[in-house]
Amino acid sequence: MVLGNYKSVVAARSTDNEILKGAQDGGIVTQLFAYALEEGIIDGAIVAGPSDEPWKPEPVIATSKAELLAARGTRYTLSPNISLLKEATRSYGLDRIGIVGTPCQMQAVRKAQLYPIGMRDVPDKIALAVGIFCMENFPYQGLEAMVEDHCNVKLESVKKLDIGKGKFWAYTERGAVAQIPLKVTHKYEQPGCHVCLDYVSNLADVSTGSVGAPDGWSTVFVRTKNGENAWSKAIGAGCFETKPIEEVKPGLDLVKKLATDKITKNQKTLDERATFGVGKGLRNPYL
Ligand SMILES: Cc1cc2nc3c(=O)[nH]c(=O)nc-3n(C[C@H](O)[C@H](O)[C@H](O)COP(=O)(O)OP(=O)(O)OC[C@H]3O[C@@H](n4cnc5c(N)ncnc54)[C@H](O)[C@@H]3O)c2cc1C
Ligand code: SF4
């Protein structure tokens, strides 16, 4: 259950070298949206685009492959993609919305569909929700401190940021690699992440992350009918190379272990909130 409901799970990567070049992992998000745009499955996708500040994302509605390419890669800071959800159906005039986001953002999408408070027109227009795995996120100032103070690298010179193998990594344009142990990054985590009980975007149509798959590949869960429809068409069109998850290392066991660790730790935080004060607890959004 820690991995949610799903129809199938594979290791995959895009077959498009241009997408792979700047992608975080297997380029699943960018490739799936590029294909869905081309095929009319979606008419735009809400993604975390670049902004004026280095590594600070700005939500944008991508309606071309070029805009999708510009949004490749993971920004380890908040990108309020849901802020464009209603506007996508208004000034942008989208009828079939694609959206990428962290597990909490996938929850927001589903909640807006079932309980559309101030979200008229949104419920029927979500065509493809692609979720990414997420252990935790960081406010921009926290990310800045991790990269500039702890890694001793200027944010402007960074080509890629990554979390893996127990470390936070910064790769610069000129080829330097800086890394710090994850324990250094804990104090910069967004506190709201400590009550989050979803690691692999259980509520997405398709969800993907790096954990479980080899470098340059992604683990992909196909979860819903919508997701299966888009994914199988994309496979049929040759967009992805796939391998059975049982044949790759470290495989699903590691995904399961990390999901269990996250949920167990954060459930403990939630339980502690109930008795936080003397005779008084803090709010529990799940009750
Ligand atoms: C905060 C955070 C924590 C993560 N933690 C894990 C983890 O613990 N384990 C794991 O396996 N994977 C984790 N991931 C996911 C992983 O880093 C990749 O984003 C994912 O594998 C997709 O790679 P890709 O090559 O398919 O995507 P690409 O084709 O490179 O596209 C990436 C897409 O992600 C979107 N994006 C980038 N940053 C954000 C953001 N901050 N918020 C919302 N959308 C964004 C972009 O718009 C782009 O469309 C995390 C991602 C984020 C943002
Ligand atoms: S840990 Fe949870 S709350 Fe925090 S960004 Fe990731 S999905 Fe959202």
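Here's what I pulled together on the structure shown here. (Residues numbered from 1 in each chain as written. Chains lettered and ligands numbered in written order. Predicted model: local features only at pLDDT ≥ 70, side-chain atom pairs only at ≥ 80, totals over all residues. Heavy atoms only, no water.)

## Let's talk about the site of ligand 2
Inference 1: In the vicinity of ligand 2, the contacting residues are Thr-102, Pro-103, Cys-104, Cys-134, Met-135, Glu-136, Asn-137, Gln-190, Cys-193, Cys-196 and Lys-262.
Inference 2: Residues that form the shell around ligand 2 fall into these classes: 6 nonpolar, 3 polar and 2 charged. (Near = heavy atom within 4 Å. Nonpolar A, V, L, I, M, F, W, Y, C, P; charged D, E, K, R; others polar.)

## Looking at helix α5 (residues 103-114)
What sets the pattern is the α-helix's 3.6 residues per turn: residues three or four places apart point alike.
Inference 1: Look at α5: 17 Å from first C-alpha to last across 12 residues, which is about the 16 Å you get at 1.5 Å a residue.
Inference 2: For α5, the complete set of buried residues consists of Pro-103, Gln-105, Met-106, Val-109, Arg-110 and Ala-112.
Inference 3: Looking at the packing, one finds that the buried side of α5 touches α4 (85-89), β4 (97-101) and β5 (126-132). (Helix = DSSP H or I, 4+ residues; strand = E, 2+ residues; numbered from the N terminus. Expected span 1.5 Å × (residues − 1). Buried < 20%, exposed > 50% of the residue type's maximum accessible area, 1.4 Å probe, protein only. Contact = heavy atoms within 4.5 Å.)

## Considerations on the pattern of salt bridges
Inference 1: If you walk through the whole model with that rule in mind, you get 12 salt bridges.
Inference 2: We note a salt bridge from Lys-154 to Glu-148, for which the minimum N-O separation is 3.9 Å.
Inference 3: One salt bridge connects Asp-215 with Lys-165, and the closest N-O pair in it is separated by 3.7 Å. Taken as a pair, Asp-215 in the loop between β9 (206-209) and β10 (218-222) and Lys-165 in the loop between β6 (158-164) and β7 (167-172) lie far apart in primary sequence, 50 residues in all. One exposure class covers both Asp-215 and Lys-165, and it is exposed.
Inference 4: Beyond isolated ion pairs, a larger network of salt bridges with shared partners links Asp-16, Glu-18 and Lys-65. (Salt bridge = Lys/Arg side-chain N within 4 Å of Asp/Glu carboxyl O.)

## Here's the deal with the pairing of β7
Inference 1: In this sheet, β7 lies alongside β6 in antiparallel orientation, the contact comprising 6 bridges. In the sheet register, Asp-162 faces β7, and the bridge partner there is Trp-169.
Inference 2: In textbook terms, the turn of a hairpin is the stretch between consecutive antiparallel strands, and for β6 and β7 this stretch comprises 2 residues, one of which, Lys-165, has a positive phi near 55°.
Inference 3: As paired elements, β7 and strand β8 (residues 177-181) share 5 bridges and run antiparallel to each other. When the sheet's bridge partners are listed, Ala-170 is paired in β8 with Ala-178. (Pairing = 2+ DSSP bridges.)

## Side note on the sheet that holds β7
Inference 1: Within the open sheet, the 3 strands sit side by side as β6-β7-β8. Their pairing is antiparallel. Each end of this open sheet is capped by a strand with a single partner; those strands are β6 and β8. For this sheet the average axis-to-axis angle between neighbouring strands, irrespective of direction, equals 15°. (Axes fitted to C-alpha atoms, helices over the stretch in contact; angles between N-to-C directions.)

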